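Survey of secondary and tertiary structure
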Amino acid sequence: MARYADRSLAFAYTGLVLTPLFWAGNAVVARGVVDAIPPVSLAFWRWVIALCILLPLCLPGIRREWPVIRDHWPRILVLALFSVASFNTLLYVAATTTTAINIALINSTIPIMVALLAFLLLGERTRPLQGIGIAVALTGVLMVIGQGTLTRLVSLSFSPGDLVMVGAVTCWGMFSVLLRRLSIPLTSLTFLCIQIALGTALLTPVYLIDLLLVSGGFTLSASTLPPLLYVAIFPGILAYAFWNHGVWNVGPSRAAIFMYLVPVFASVLAWLFLGERLGWYHLAGGALILAGLYLTTRNPTVPVRTGSGEEAG
């Protein structure tokens, strides 16, 4: 019995290390395929593939919980808009004009955005320590976006992708806050599957407009299929499963610490595969973001990842 518990705990910690690695890989893949797969196409086909994999596994649960789905589908639709339809689409759009390192650093401020939106929208009090953490992390984000110069910030001469990424983080923050307020009584796997289905439906007209009028789509080939499979399976389905298993076995507070590894992994992967270089402002801004995250998440106001383990990656 003790040996089984030790193995389960070891698997949980292994999964919690792999989860931020997969999410970091999501940013690197997005940046790496900007010339081969349009961002909206990448987002759309990612969800189509994930849905095809999940649906056979989820059908029994969907049938069993159909009355709840029928009664709550408008709420799930709103959640799907901010998560499936918006977050990763904006992340992939951001990758066309900013680096994978910047994406990961800005993405790591999600817990702070959740705390801020919970205060603004739900009136949840932010403790003084959290307020300090938000200010410190925001300083770090501004340092990354401005590349360490006040002149760049004042003149608004920074990468538009960084601003798009801030919009993506805001969408995930909205999803997290609304998820708590709307309270959908579904099992996690059923919720994820329905959320992906509705989010894909919302994304379909956007994809068709982009396909016909903007990007023209892409050619499925030996070079474009692997990144599509990666973003659907690893930062989506597997990261979701590993995250839930980890939270269940070690608790949410300990699990949350592993999310600090996302920018670390992204920096290494971007250096290895994309040739991106770390500037001093990345190091200084990243240090401020991590310090702000530590202060903010010591007493988190709302859960950062519930219902869907994909969207933050």
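Residues numbered from 1 in each chain as written. Predicted model: local features only at pLDDT ≥ 70, side-chain atom pairs only at ≥ 80, totals over all residues. Heavy atoms only, no water.

Structural notes on the overall build of the chain
Scanning the chain from terminus to terminus reveals 13 helices and 0 strands. Counting over 313 residues, the chain shows a buried share of 51%. Put simply, of all contacts in the chain between residues at least 6 apart along the chain, 90% involve residues at least 24 apart. With an accessible surface of roughly 14400 Å², the chain has 70% of that area assigned to carbon and sulfur atoms. (Helix = DSSP H or I, 4+ residues; strand = E, 2+ residues; numbered from the N terminus. Buried < 20%, exposed > 50% of the residue type's maximum accessible area, 1.4 Å probe, protein only. Contact = heavy atoms within 4.5 Å. Areas by Shrake-Rupley, 256 points an atom, 1.4 Å probe, with all protein chains shown as cover.)

Some thoughts on the environment of E65
Relative to the elements of secondary structure, E65 occurs in the loop between α2 (39–64) and α3 (66–94). According to the relative accessible area criterion, E65 is buried, its value standing at 10%. If sequence neighbours within four positions are ignored, E65 has contacts with P185, L186, T187 and T190.

Observations regarding the nonpolar core
Proteins that are soluble and globular tend to have nonpolar side chains buried together. Grouped together as the largest cluster of nonpolar side chains are 91 residues, with contacts concentrated most on L42, L79 and M165. It is α2 that contributes the most residues to this core, 12 residues altogether. Apart from the residues within four sequence positions on either side, L79 is in contact with F175, L178, L179, L182, I184, F191 and Q195. (Core = buried A, V, L, I, M, F, W, Y, C linked by side-chain atoms within 4.5 Å.)

Remarks on the confidence of the model for the chain
Here the chain shows a mean pLDDT of 84. Residues at 70 or above account for 88%. Within the chain, the element-level pLDDT minimum falls on helix α7 (residues 150–154), averaging 63, and the maximum on α2, averaging 95. For the stretch residues 300–311, pLDDT sits under 50, and the model shows 56 contacts to residues farther than four places along the chain or on other chains. (pLDDT = per-residue confidence, 0-100.)

So, the side chain of T19
Mapping T19 onto the fold places it in helix α1 (residues 2–32). Among the polar contacts made by the side chain of T19, one reaches the main-chain carbonyl oxygen of G15 at a distance of 2.8 Å. Apart from the residues lying within four places of it in its own chain, the contact partners of T19 are A239, F242, W243 and M259. (Polar contact = N/O pair within 3.5 Å; in protein donor to acceptor, adjacent residues only side chain to side chain.)

Examining a nonpolar patch on the surface
Where nonpolar side chains cluster on the molecular surface, the patch consists of V264, V268, W271, L272, F273 and L274 and spans about 600 Å² of accessible area. Note on placement: W271 falls in helix α12 (residues 261–273). (Patch = residues over 30% accessible without salt bridge, like charges linked within 9 Å, V, L, I, M, F, W, Y side chains within 5 Å. Salt bridge = Lys/Arg side-chain N within 4 Å of Asp/Glu carboxyl O.)

Focus: helix α10 (residues 225–250)
Taking 1.5 Å of rise per residue, 26 residues should cover 38 Å, and α10 covers 35 Å from first to last C-alpha, within 8% of that figure. In α10, a bend of some 40° at A239 exceeds every other bend along the element. At the exit of α10 stands G251, carrying a positive phi of roughly 95°. (Expected span 1.5 Å × (residues − 1). Bend = angle between axes of the 7 residues up to and from the residue.)

A closer look at the packing of aromatic side chains
Under the defined criterion, the tally for this structure stands at 11 aromatic pairs. Ring plane angle 20° and centroid distance 5.2 Å describe the contact between Y230 and F234, whose orientation is recorded as stacked. Pair noted here: Y230 and F234 are both in helix α10, with a separation of 4 residues, about one helical turn. Accessibility expressed as a relative area gives 18% for Y230, which makes it buried. Looking at F234, the relative accessible area reads 32%, which means it is partly exposed. Here the aromatic residues F11, F22, Y230, F234 and F242 are joined through ring pairs into a cluster of three or more. A cation over a ring is seen here: R46 above W47, with NZ or CZ 5.0 Å from the ring centre. (Phe/Tyr/Trp six-rings, centres within 6.5 Å; stacked < 30°, edge-to-face > 60°. Lys NZ or Arg CZ within 6 Å of the ring centre and 35° of its normal.)

Structural notes on the layout of surface pockets
Of the pockets and cavities examined, the second largest pocket occupies roughly 230 Å³. Around the second largest pocket, the lining comprises 13 residues; the ones closest to its centre are T109, I112, M113, L138 and V141. Elements represented by at least two residues in the lining of the second largest pocket include exactly α5 (110–122), α6 (128–145) and α8 (160–182). In terms of residue count, α6 provides more of the lining of the second largest pocket than any other element does, 6 residues in total. The residue inventory of the lining of the second largest pocket, partitioned by class, reads 12 nonpolar, 1 polar and no charged. (1 Å grid on protein atoms, 1.4 Å probe; cavity = no way out; pocket = protein on both sides within 12 Å on 5 of 7 lines; lining within 4 Å. Points joined across faces, edges and corners; volume = space filled by probe spheres on them. Nonpolar A, V, L, I, M, F, W, Y, C, P; charged D, E, K, R; others polar.)

Examining α12
Its 13 residues place the ends of α12 18 Å apart at the C-alpha level, agreeing with the 18 Å of an ideal helix rising 1.5 Å per residue. Looking only at α12, the buried set comprises V262, P263, A266, S267, L269 and A270.

Brief notes about the environment of A104
Topologically, A104 is positioned in helix α4 (residues 100–107). For the pair formed by A104 and A27, sequence separation is 77 residues and the distance between their alpha carbons is 6.7 Å.

What to know about the packing of α2 against helix α9 (residues 188–214)
The geometry of α2 relative to α9 is characterised by a closest axis approach of 8 Å and an angle of 150° between their N-to-C directions. As the angle between them shows, α2 and α9 are arranged roughly antiparallel. Our pair here, α2 against α9, has a crossing hand that is left-handed. Classifying every residue of the contact of α2 with α9 by side-chain character gives 20 nonpolar, 5 polar and 1 charged. (Axes fitted to C-alpha atoms, helices over the stretch in contact; angles between N-to-C directions. Parallel < 35°, antiparallel > 145°, perpendicular 65-115°, else oblique. Left-handed = near helix turned anticlockwise from the far one by under 90°.)

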